[in-house]
Amino acid sequence: MDWADELAASVDGPQVVNDSKTPSGTVHVGSLRGPVILDVIARALRARGTTTSLLYGVDDLDPMDAQALLTPDAIEHEMGRPLAHVPDQAGDCHASYARHHAQTFIDTFAGLGIHPDRYYWMSDLYAAGTVDPYIRTALDRAEAVRAIYRRVANVQHPADWHPLQVVCESCAKVGTTIVTRWDGERVFYECRPNLVTWARGCGHAGLVRPFGGRAKLGWNLEWAAQWSIFGVTIEPSGKDLSTAGGSRDRADAIAREVFEREPPLNVPYEFLNIGGRKMSTSKGLGVAAHEIVRVVPPEQLRLLFLRPRPQTAIEFDPSGSDAIPRLFDEFDRLADATAGRPVRGELPAGHESVFRYSLLDPQADVAGIAAAFRPAFGHLALLRQIPGVDIDARIEAEKGAPLTPLEVATLRERAAAADAWLATFAPDKARIAVNRERLPDEAEALASDQRAWLARLAAAALDPNGPPRSGDAWQALIFATATDLGLAAGRAFAALYLAFLGRPNGPRAGWLLASLEASFVVERLRAAAGEPGKETS
RNA sequence: GGGCCGGUAGCUCAACGGCAGAGCAACUGACUCUUAAUCAGUUGGUUGGGGGUUCGAAUCCCCCCCGGCUCACCA
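This is a predicted model, so every value here is computed, not measured.

(A) The domain arrangement of chain A, seen in detail. As assigned here, chain A comprises domain 1 (2-127), domain 2 (132-218), domain 3 (273-430) and domain 4 (441-529). Look at where the C-alpha atoms of domain 1 and domain 4 centre, and you get two points 58 Å apart.

Structure (structure tokens):
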């Protein structure tokens, strides 16, 4: 964890770490990198004893622009209105659309162990008059703001443009209005039908005191105002904002030149790419966000996001790959190292921090958690596919002692994740399916000594006391018959897997056979041996 | 067009001025209850290309190639 600890070591004095988000819709997994980085920075600062507060803003006075999330008849009326004023479409008792969607990301953050000291709502700050001084300054210095836009972003606003949008007194929209005059107390604004493509203004014009929530600063100015209001010292931002001439450059310049305050330290971060492409559920590229959350538990997801340096793009391609099992393995390796168990291979720099920051609870008993027994994900995925396996008993046997409550919880979490993985991303080679219809084509590759042994096993299964009933019994019979014929155990097992699974390896064969009906097993053994199967009486 | 990130073993990545490494995969061997386990070992590299700085460059500088993201309207 070089990056967060280094960052924490590079700053002096109390720190205010901030981020904010527009509650316009659901949160997708790629967008969780920012909050994780934010949280890790705060934890790293606190680990050094730095007084730190972690803030998260809800930009709920931003205009509604997510058409897809509205009912068709609500689009004309709601598009362009402040999110805080749009009714909750879900109708589940939230005061507004903004409250509803903000709640989903607050819940998501909490699920990832991210608990800001305070959530603040821009609609509240505007209503309370907290933003008014910045509105006044921005209007007084509108020419300076326009100059910044020209210089920094090469954006040429009209000479009468002002960095403020009034909530229209007639139609209540904020996304459609433009301010063209400021007399020191009131602004003149127009609600234009065609100012933006995604919402239609009503044509109203008026003169209004733009304070107390009746108007909203432009995005870049609102950002800079937040910094001044809260004394923000560190604020990460995604590459979409951190690009040259982008929002962050503009907000930085506005902070310095208009609000006369040094902007916070930026920690630009890259995104999460799925298979080399930006994760996008809407385009059908990559993977739906909610699926990943089901397959990757919170602590592994934190690890995924915090292990690389923020400015490094994360390539994550869970589909048909071992990326997810590897993520679990890496987590377990870090746990082993933290617990003082021997670990193969190299460890990342500052691996203790990487593990500690991956945990949900910042106050967690790191040593105790690291020492806990964790079943390997790939192994668990295998066990989940074998019928009749008592997973709890099996894992407990592997540990060699009763599982603690924490270990049981980990096992449950991983078993669920393994099931979800097998149902979605797992490569075919990770899936075990007994081919019940017919002998797999791959069984043609069986050698004559293997076929002879399969016939022998089939015969042995029928005499003298009927087929084995347990995995142990099958396993014993497999070894006994193979030894009789002088067949190496490895070749015997390979023959079984080819006959039943169509592949040269598989799960513990005795238990696999025990999970199937004996008649089917015998029939298949004979078929694979080259004997007629159906005709056996 | 501007910006950012990346290109190192088959895959995922580390090394950030001092002998190019790990995990996984592959391959070899061991193991009579093991068969995706465990253990031991092996293979695998012109660090995208070219120049420069340096006693020494994957690492720093310049140019180029490739891949990706992002901005340029709004937030």
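Having put the structure on the table, let's press on.
(B) Representation of helix H6 (residues 132-140) within the structure. Regarding H6, the residues found buried are Asp132, Tyr134, Ile135, Ala138 and Leu139. The buried residues of H6 occupy an angular sector of 160 degrees when projected down its axis, which confines them to one face.

(C) A look at the nonpolar core. One finds Ile41, Leu301, Phe316, Ile324, Phe355 and Trp421 to be the most contacted residues of the largest nonpolar core, which totals 65 residues. Broken down by element, this core gets its largest block of residues, eight residues, from helix H2 (residues 33-47). When near neighbours in sequence (up to four residues on either side) are disregarded, tryptophan 421 contacts Val295, Ser321, Ile324, Pro325, Phe377, Ala381, Ala426, Pro427, Ala430 and Arg431.

(D) Layout of the protein's contact with RNA strand B. Close to RNA strand B lie 42 residues; Lys239, Thr243, Phe479, Tyr497 and Gly506 are nearest. Backbone sugar and phosphate groups make up 67% of those atoms of RNA strand B lying within 4 Å of the protein. Every element with two or more residues in the surface near RNA strand B is listed here: helix H9 (239-242), helix H10 (247-257), strand S12 (277-278) and helix H21 (489-500). Broken down by element, the surface near RNA strand B gets its largest block of residues, four residues, from H21.

(E) Quick peek at the pattern of salt bridges. Summed over the entire model, instances satisfying the criterion amount to 22 salt bridges. The salt bridge involving glutamate 143 is made with arginine 150; its shortest N-O contact spans 3.2 Å. Accessibility expressed as a relative area gives 41% for glutamate 143, which makes it partly exposed. Connected through salt bridges with shared partners, the residues Asp39, Arg43 and Arg302 form a single ionic network.

The rules behind each value
- Residues numbered from 1 in each chain as written.
- Chains lettered and ligands numbered in written order.
- Predicted model: local features only at pLDDT ≥ 70, side-chain atom pairs only at ≥ 80, totals over all residues.
- Heavy atoms only, no water.
- Domains from an automatic or database assignment.
- Buried < 20%, exposed > 50% of the residue type's maximum accessible area, 1.4 Å probe, protein only.
- Helix = DSSP H or I, 4+ residues; strand = E, 2+ residues; numbered from the N terminus.
- Arc of directions from axis to C-beta.
- Core = buried A, V, L, I, M, F, W, Y, C linked by side-chain atoms within 4.5 Å.
- Contact = heavy atoms within 4.5 Å.
- Near = heavy atom within 4 Å.
- Salt bridge = Lys/Arg side-chain N within 4 Å of Asp/Glu carboxyl O.

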